[in-house]
Amino acid sequence: MGGLKMPPQTLLSIHGGRRPFTAPFSKPTFTIQPNYTSAISTGFTTRNVAHFSPSILPCGYFILRGVREMRSGARSTPVQPVTEELVEDKTNENPVSGDAIRRRFLEFYASRSHKVLPSASLVPDDPTVLLTIAGMLQFKPIFLGKAPREVPRATTAQRCIRTNDVENVGRTSRHHTFFEMLGNFSFGDYFKKEAIKWAWEISTKEFGLPADRLWVSVYEDDDDAFEIWHDEVGVPVERIKRMGEEDNFWTSGATGPCGPCSELYYDFHPERGYKDTDLGDDSRFIEFYNLVFMQYNKMDDGSLEPLKQKNIDTGLGLERLARILQKVPNNYETDLIYPIIEKAAELANVSYALANDQTKTSLKIIGDHLRAIVYLISDGVLPSNIGRGYVVRRLIRRAVRTGRLLGVKGDGEEGAFLPAIAAKVIELSTDIDPDLKASEHRILDELQKEELRFVQTLERGEKLLDQMLAEALLNAKKTGALPCLSGKNAFLLYDTFGFPVEITTEVAEERGVKIDMDGFEVEMENQRRQSQAAHNVVKLSVENGGDPAENVRDTEFLGYDTLSARAVVESLLVNGKPVIQVSEGREVEILLNKTPFYAESGGQIGDHGFLYVTEDQSKHTAVVEIKDVQKSLGSVFVHKGSIREGVLEVGREVEAAVDAKLRQRAKVHHTATHLLQSALKKVIGQETSQAGSLVAFDRLRFDFNFHRPLLDSELEEIENMINGWIGNGTLLQTKVMSLTDAKEAGAIAMFGEKYGEQVRVVEVPGVSMELCGGTHVSSTSEIRAFKIISEQGIASGIRRIEAVAGEAFIEYINARDSQMKLLCSTLKVKAEEVTTRVDNLLEELRMARNEISALRAKAAVYKASIIASKAFSVGTSKSIRVLVESMDDFDADALKSAAEYLMHALQDPAAIILGSCPDEGKVSLVAAFTPGVVDLGVLAGKFIGPIAKLCGGGGGGRPNFAQAGGRKPENLPSALEKARTDLISILTEKAS
């Protein structure tokens, strides 16, 4: 549990002879006690720590009682301080290792009534950011007052990704794409004074940093923070710097929580004194702890609105503090990253300690990027050309190119090397994310495939880029302009050869060439329009009135027990804006205080149905048809529909009625999805995992990680297994329990879902057990039957199964039966004879086509024999027969036969160009040159290409024979005339 334990002799060797890690100061304030049970952190006192429930869950760094993920809407329990042993014995742990620093930070704040929570996924539940960029992101709804706080205080070790400074990775001592942010958070509890005092205490007492080496920055207008640092903590005025908005006003993104911040800096060179001090001087200072005093919410228009409650969000960079405590020159040489660098150096057959600066930089890039890549893939982000997938692909390809330049070798001469380095990342992950090991096979397999795929095009792309850069430099020399690679060429490298534009830019800059990024963006725009994923985000925003959800409680869901209920309309929105009433014919979004309608989540689509406003318990005065239900802000259900009759008003009581038949279809498909996942694990292996799902009324769709298509026998086995479970009529069991207990019981978490402390577990005894908030059948017999209708690949390493069950199965079979009956009637055979009859028809069709082709070839040869007389001679020393003619509507094969006949008929030397328009919008061309023409250096393959371009196409082939095509038949006459003129000119010159 102590992570990477590195004895002094090991540290001495891996750092090139430097002295081993020790406590960095002459008089450390901590001592490792022989018995750790009495000295939780400082070595001197027994602390009061937060009392948690007795269930146990690995939280990513140690086993802590009661560590569970927090979810908005769950009930909170008071935190009672009691004296209790917090972790297992860490007597032999290196007190300044990265793992120990993480653990000690969490213990420090746990002893101050902070609840330790696990790291959130790198894929955030927030549409304003692509990836998790800060520790506070999972708490954003709480900070905004849109979700209730579960505890007043929390502390986390959050995995983060930032790629905006990727070009600085490896070049500076502190920039990373992947890093860990240790944080303590207050949700309307304590504020500046406590945050500042605790930050000082953990820095100077817990970790033993000398007070005279710590500097502080505050926002220029934040007098409160300045006074606390100076008057109460005792930091001298000369070591407190007021800084502007760019440095000391923190935001989580384009929108969201923000506020003034205060930062702690460590001074590596206090001997330089106080004069003209610049905290941005990386050679002297490193910022390691940032305290955000969250007071505002930044809106879309950039304005600031005060938050309902003042909050604290802090971030301490684990890698940065490890650098300070381990006394190494940069973050990369800490025990968090160095073993990864060492593995890369081993594969490159170089010594990091003896390497030059450029080689060290390259090794650092690989070490950094592999951490980011492994954790992103683990969290379900796969390489692609858009969104998060593009981030992974860009990092993988940057690491591959960097490694190849270093001479890193993998398995075999052209093997992949990233998996070997990724395995070291996973080995070091025990205290960060214990679950990473379970995904090792999937991660390494995905890395290998992506690397080999890139290598296949890398060499061709590198040659092309080298060509392009040489041309850009040559053109610049001729014109006197600055060398620039066109945006069109940069896009060609990106789109065809998979070169991220950042890599193209780096290589170009190495050669002194700039990239036309404006041109590149123009080329990208069409692709963005086509591939940009649609976001299904419900924005509850209003003008000049705040957010209506602020006045709407979480929706009470009644749909597990009933399909109809009385409810009150709490809010109405039209085009995202709140209204008091909506009349007939209008589309509307409706918020109710309670509902039987299921809102889309966990892959299951939202219920359909109706809302009725009644008078005298009988007459409907308004009818609303509901076609979709979505969740917003955690647990607010948004019913989307249209007013069919009457007028609907805020405050009205309605009868909410779910379409029972459609709900049953969804239940059937959802339970069938659980059975499908269990069957897949049994048939193709337990390592397969869900990568997405859809539970609809007419079908189910299940995406999963697997490296190859499933065999027909495997699909049949899966179907038989599921139908067997259906026939058993097993009663489902649904329980609500703690997340910890559910995981210990073996429940599987569904892809993309976030879970609170209390979770719903759906079990088919003996078959499956999953955490699931969806609706399900009572017995597997309700599913009736299950049929797979397709299995296909949708992305690298991702397969997709579509299937039907229940009523949808019957509809599918009936439709197939009708089609078969029609086929039998048309072919006049029995059902069992259809295959034989179709095979016979296909054979007859093939023979008929061959006969037609032969007849066309004969007709073409006949036509050729007629036009052969139109051949003319060119050249003086050598007479060459030339024929350039149109062959009407003959196809490419017939054209080829005609050209072959003419080469024989005209004899050597001869040059023949034939063209035709076989179909509407289609051009065929052929060039046939005898050996005597080829010997003159006139090549058919090169000659026909420019001619085909005139017809809107292209082509090529061998020196003596080439074919081409085009899409502009109207240009064929002029193209043939061009071919005739060019042939005469070239052959006259060559044969004179």
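About the cut-offs
Residues numbered from 1 in each chain as written. Predicted model: local features only at pLDDT ≥ 70, side-chain atom pairs only at ≥ 80, totals over all residues. Heavy atoms only, no water. Pairing = 2+ DSSP bridges. Helix = DSSP H or I, 4+ residues; strand = E, 2+ residues; numbered from the N terminus. Buried < 20%, exposed > 50% of the residue type's maximum accessible area, 1.4 Å probe, protein only. Polar contact = N/O pair within 3.5 Å; in protein donor to acceptor, adjacent residues only side chain to side chain. Expected span 1.5 Å × (residues − 1). Contact = heavy atoms within 4.5 Å. Phe/Tyr/Trp six-rings, centres within 6.5 Å; stacked < 30°, edge-to-face > 60°. Lys NZ or Arg CZ within 6 Å of the ring centre and 35° of its normal. Axes fitted to C-alpha atoms, helices over the stretch in contact; angles between N-to-C directions. Core = buried A, V, L, I, M, F, W, Y, C linked by side-chain atoms within 4.5 Å. Parallel < 35°, antiparallel > 145°, perpendicular 65-115°, else oblique. Left-handed = near helix turned anticlockwise from the far one by under 90°. Nonpolar A, V, L, I, M, F, W, Y, C, P; charged D, E, K, R; others polar.

A.B. asks: How do you make sense of the pairing of strand β26 (residues 653–658) when you look at a structure like this?
C.D. replies: Residues in a regular strand project their side chains so that they alternate between the two faces of the sheet. Here strand β17 (residues 564–574) pairs with β26 via 5 bridges, running antiparallel. From the neighbouring strand, A567 faces β26, where its bridge partner is V654. As judged from the 4 bridges shared by strand β22 (residues 609–615) and β26, these two strands associate in the antiparallel manner. Residue F610 lies in a different strand from β26, and its bridge partner there is A657.

A.B. asks: Is there a simple way to explain unusual backbone geometry in this structure?
C.D. replies: With glycine set apart, most residues show a phi of negative sign, and most peptide bonds adopt trans. The omega torsion across D908 and P909 is 0°, close enough to zero to call that bond cis. Even without being glycine, N575 reaches a positive phi, approximately 55°. Tracing the backbone through its elements, the reader meets N575 in the loop between β17 and β18 (577–579). N575 gets classed as exposed once you look at its relative accessible area, which sits at 74%. The backbone of K828 shows a phi angle near 60°, a positive value even though the residue is not glycine. Among the structural elements, K828 can be located in the loop between α19 (807–827) and α20 (834–867). In this structure K828 comes out as exposed when scored by relative accessible area, which is 72%.

A.B. asks: Help me understand the side chain of S693 in this model?
C.D. replies: Within the secondary structure layout, S693 lies in strand β27 (residues 690–695). A distance of 3.3 Å separates a polar atom in the side chain of S693 from a polar atom in the side chain of Q690.

A.B. asks: What exactly am I supposed to notice about helix α21 (residues 892–906) here?
C.D. replies: Since the α-helix advances by 3.6 residues per turn, residues separated by three or four positions end up pointing in the same direction. In this model, α21 (15 residues) spans 21 Å end to end at C-alpha, consistent with the 21 Å of a helix rising 1.5 Å per residue. Burial in α21 covers these residues: A894, L895, A898, A899, L902, M903 and L906. Summarising the contacts, the buried residues of α21 are in contact with α20, β36 (880–886), β37 (910–916), β38 (923–929) and β40 (961–966). Note on α21: the residue one or two positions beyond its end, Q907, has a positive phi of about 65°.

A.B. asks: What am I meant to see in helix α23 (residues 940–950) here?
C.D. replies: Those residues of α23 not exposed but buried are A940, G941, F943, I944, G945, I947 and A948. Next to the buried residues of α23 lie β37, β38, β39 (954–957), β40 and α24 (972–990). Downstream of α23 by a residue or two, G952 has a phi angle that is positive, lying close to 75°.

A.B. asks: Help me out: how do you make sense of the pairing of β22 in this one?
C.D. replies: Pairing geometry for β22 and strand β23 (residues 619–632), over 7 bridges, is antiparallel. Within the sheet, the bridge partner assigned to F610 lies in β23 and is E625.

A.B. asks: Please clarify how the packing of aromatic side chains should be interpreted in this entry.
C.D. replies: What describes a pair of aromatic rings is the distance from one ring centre to the other and the angle between the planes of the rings. Tallied over the entire structure, the rule returns 23 aromatic pairs. With a centroid separation of 4.8 Å and an interplanar angle of 55°, the aromatic rings of F139 and F185 are classed as tilted. Taken as a pair, F139 in the loop between β5 (115–117) and α3 (140–143) and F185 in strand β7 (residues 178–187) lie far apart in primary sequence, 46 residues in all. Of the two residues, F139 and F185, neither departs from the other in class, the shared state being buried. The interplanar angle of 70° and the centroid separation of 6.2 Å between the aromatic rings of W200 and W229 together place this pair among those described as edge-to-face. Taken together, the residues span a long stretch of sequence, with W200 in helix α4 (residues 192–206) and W229 in helix α5 (residues 223–233) at a distance of 29 residues. As far as burial versus exposure is concerned, W200 and W229 are alike and both buried. Aromatic rings pair up to connect F105, F108, Y109, Y190, W198 and Y289 into one cluster. Over the aromatic face of Y352 sits the side chain of K360, whose NZ or CZ is 5.2 Å from the ring centroid.

A.B. asks: Just to check I follow, could you spell out the sheet that holds strand β33 (residues 786–795) for this structure?
C.D. replies: Strands pair in a sheet through their backbones, by hydrogen bonds, and they do so in one of two ways: parallel or antiparallel. If you trace the 4 strands from one edge of the open sheet to the other, you get β27-β28-β34-β33, paired in antiparallel fashion. A single partner strand is all that each edge strand has here, and the edge strands are β27 and β33. Adjacent strand axes in the sheet meet at a mean angle of 15°, parallel and antiparallel pairs treated alike. Direction of pairing for strand β28 (residues 700–705) relative to strand β34 (residues 798–805): antiparallel, over a ladder of 6 bridges. Bridge assignment links F704 to a residue of β34, and that residue is R799. Running at roughly 30° to β28, helix α16 (residues 660–684) makes contact with β27, β28, β33 and β34 of the sheet. Along the sheet, helix α17 (residues 712–728) makes contact with β33 and β34, crossing β33 at roughly 135°.

A.B. asks: Would you mind showing me how to read the nonpolar core here?
C.D. replies: Note that soluble globular proteins tend to have their nonpolar side chains buried in a common cluster. W229, F288, Y289 and L370 are the most contacted members of the largest nonpolar core, which totals 118 residues. Counting residues per element, this core draws most heavily on helix α12 (residues 440–479), which supplies 11 residues. Residues contacting Y289, with those up to four places away along its chain left out, are F105, Y109, N184, A199, I202, S203, S262, E263, L264, T314, G315 and L316. The next biggest cluster of nonpolar side chains, apart from the first, holds 30 residues, and it includes L676, L680, V767 and I788.

A.B. asks: Teacher, can you tell me more about the packing of helix α8 (residues 338–348) against helix α11 (residues 418–427) here?
C.D. replies: Each pair of packed helices can be described by the angle between their axes along with the distance between the axes. The N-to-C vectors of α8 and α11 enclose an angle of 160°; their axes lie 9 Å apart at closest approach. For the element pair α8 / α11, the angle class is roughly antiparallel. In this structure, α8 meets α11 at a crossing whose hand is right-handed. In this structure, α8 uses P339, I340, K343, A344 and L347 to contact α11, whose residues at the interface are A420, I421, K424 and V425. Of the residues contributing to the contact of α8 with α11, the split by class is 7 nonpolar, no polar and 2 charged.

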